[in-house]
Amino acid sequence: MLMTQSSLFSPPIHFSPKKICNETKKIALFSDSLRENKSLPSSSRKKIGKTGVLYNGYSYFTSPCHPLQLDLPNYFQGTDNDDEDDDVSDDGIGIVDFFQGKNILITGATGLLGKVIVEKILRSTPVGKIYLLIKAKDKEAAFERLTNEIIDSDLFKCLKEEHGESYEAFVREKLIPVVGDICEPNMGLDSDSADALRKDVHVVIQSAASTTLNERYDVLIEANVTAPQRVMRFAKTCKNIKLFAQISTAYVNGRREGVMLEEPLIMGDNRRKEDFDANIPRLDISDEINLALKSCSAAASDYDVTKDLKKLGQERATLFGWYNTYHLTKAMGEMVLNEIRGDVPVLIIRPTVIESSFKEPVPGWIQGNRMFDPVIISYGKGQLPAFFGNPEVTMDIIPVDMVANTTIAAIAKEANKNKPQLNVYHVASSDRNPLKFTDFFEYLYEYFNSSPLVESQNISRIEYFSNFNDFSEYTRGKISRQLETNNVVGDEHGNIIRKAQNKCRARVAYAQQLCKMYEFIGFFNARFDTGNTEKLVKEMSNEERINFEVDVMNIDWRKYFQEIHIPGVKKHIINGTTRASI
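Cut-offs and rules
Residues numbered from 1 in each chain as written. Predicted model: local features only at pLDDT ≥ 70, side-chain atom pairs only at ≥ 80, totals over all residues. Heavy atoms only, no water. Phe/Tyr/Trp six-rings, centres within 6.5 Å; stacked < 30°, edge-to-face > 60°. Helix = DSSP H or I, 4+ residues; strand = E, 2+ residues; numbered from the N terminus. Buried < 20%, exposed > 50% of the residue type's maximum accessible area, 1.4 Å probe, protein only. Lys NZ or Arg CZ within 6 Å of the ring centre and 35° of its normal. Pairing = 2+ DSSP bridges. Axes fitted to C-alpha atoms, helices over the stretch in contact; angles between N-to-C directions. Contact = heavy atoms within 4.5 Å. Salt bridge = Lys/Arg side-chain N within 4 Å of Asp/Glu carboxyl O. Core = buried A, V, L, I, M, F, W, Y, C linked by side-chain atoms within 4.5 Å.

Working definition: an aromatic ring pair is given by the centre-to-centre distance plus the angle between the planes. Applying the stated criterion across every chain yields a total of 28 aromatic pairs. Plain terms: the ring middles of F358 and Y560 are 6.5 Å apart, the flat faces sit at 50 degrees to each other, and that makes the pair tilted. Taken together, the residues span a long stretch of sequence, with F358 in the loop between strand 9 (353-355) and helix 14 (373-380) and Y560 in helix 22 (residues 557-574) at a distance of 202 residues. The exposure classification of F358 matches that of Y560, with both residues buried. Ring centres of F440 and F561 lie 5.2 Å apart, and the angle between their planes is 70 degrees; on these two criteria the pair is classed as edge-to-face. With F440 in helix 16 (residues 437-450) and F561 in helix 22, the pair connects residues that are 121 residues apart, well separated along the chain. The residues F440 and F561 share a single accessibility class, namely buried. One cation-aromatic arrangement involves K102 over F98; the distance from NZ or CZ to the ring centre is 4.7 Å.

Here's what the structure looks like:
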């Protein structure tokens, strides 16, 4: 898709309590003896530093952090009295009361997080109607997508059990598909749909985005910068608007190190490690859009356009202090929303690495082969013997249901204030419940050593490298030896041997590609303050804490991976339709 001036700016702007599904209690695939084995010997590991460089300019979206709890002042660590953490508000936030009869407009509702938010609101609140903006050619096609991707989804199993024969009637009354596209002028709405939404909508949840890390610069600008601004302009015309919620990412904080606070991004600021560099210009979003437009028209062919715009996006991200084009454009989107929001209260939700559900509505549910799952699958198949990263770096993973619960609870809290503020919530785990790479891979080893994804495949503990060439050489040798043990014998033409050699090269290339994408998180040296989320927990009533769980301290990471996430990956990805790996 080529960008046009009209598609980018239309018009131009000036930048200045329900029960959890029975399945929750059923997943327990590990024996007690294995769960209790917490002292398995660790392999000899390479000693490495804490800094790394981008390899060929590519990195990956999700990410870990560095434990810097001791660097925080008392304000961010909470009070000295640990007992105060147990304080519970008698009245709570009033989540259920707020959503009583409210009408919600959600974009990106067929995505991982959007779908979980829809299910949770339906199951746990007396919401009015939920309008789902669905990209489709007509209403019939939109209804078909609603049925296939939402109503019939395994995610809605609990609602099906609760409502029985009346389930379909219930969801069709509550869920209203609206034909539209946030990448089109006026969000692609016809006049009747637009008028109905302006009259009915109280809350807008902008969850749609393009999340491909190194997509074309013009495509990511359109989806993550221009499109959210269209949704905001529309929200400002809604007569009863209470709040606009934007789903962003914690990695809009860029390359800065230390503690990342829950603060709005300032228009024009870069996120380089250096506080000030006179040689680096301010980030001008209009200039970036024009630059992408010029690149579109300058290339000789579609192939050249795509290649040039991917390269351009990564170059601009690196220049201004972000790890990839996706992070840069999500940051630009936040800046634009803050500029044009006017008196509309705005909530920015910044999750870290979103993975499968912790409890609700089905433990281990996930959609798509995403985030750390390619690493998990490759390691479980014996195809990833090493990792390019620091074993002592803290990862940052957050289950999708906790992100949804935080979003819903924060919407109720901030909308009830009736103040035109912009508030940021980091949804992260590294601050309060850190998980190091060394522990992550140890949990994977414990699981796959007894139950590999490929029968008869021996799983070894992962090796860590700080030098990419050393990593590549070790991986190539390890995979080659694995294939040699299969006693490959060629025919008179050597065809079988050549096939084995090709498979070896493919596996090595895939392992290299994975670690290129994950490089920045393997050496990440920052962490995300979650003060607003912690305040949210304290202000919730006991009932709200149970029904809308957001506290990451409740996660046992060994149990999460071995009893919830990996079984979920096997069920929904490996045994599903998603291509898992080579």
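Okay, the sheet that holds strand 2 (residues 104-107) next. The strands making up a sheet are joined through hydrogen bonds of the backbone, oriented either antiparallel or parallel. Taking strand neighbours across the sheet as the criterion, the seven strands line up as 4-3-2-5-6-8-12 in an open arrangement whose pairing is parallel. Each end of this open sheet is capped by a strand with a single partner; those strands are strand 4 (175-179) and strand 12 (422-427). Within this sheet the neighbouring strands show an average axis-to-axis angle of 20 degrees, counted without direction. Bridge count for strand 2 against strand 3 (residues 130-134) is four bridges, and the pairing is parallel. By the bridge assignment, I106 is partnered in strand 3 with L132. This element, helix 6 (residues 139-151), spans strand 3 and strand 4 of the sheet and lies at about 135 degrees to strand 4.

A word on the pattern of salt bridges. In this structure the tally under the stated criterion is 20 salt bridges. Between R350 and E334 there is a salt bridge; the shortest N-O distance is 2.7 Å. Taken together, the positions of R350 in strand 8 (residues 346-351) and E334 in helix 13 (residues 325-340) put the pair 16 residues apart, joining distant regions of the chain. Comparing R350 with E334 shows no difference in burial state: the two are buried.

Once that is clear, we can look at the nonpolar core. Ranked by internal contacts, the top residues of the largest apolar core, which has 113 residues, are L122, L132 and I205. In terms of residues, this core owes the most to one element, helix 15 (residues 400-417), which gives 10 residues. In this structure, L132 is in contact with I106, A109, V118, L146, I150, L175, I176, P177 and V178, ignoring residues within four places of it in sequence. Formed by 51 residues, the second largest nonpolar core is a distinct cluster that contains A227, M232, C296 and L422.

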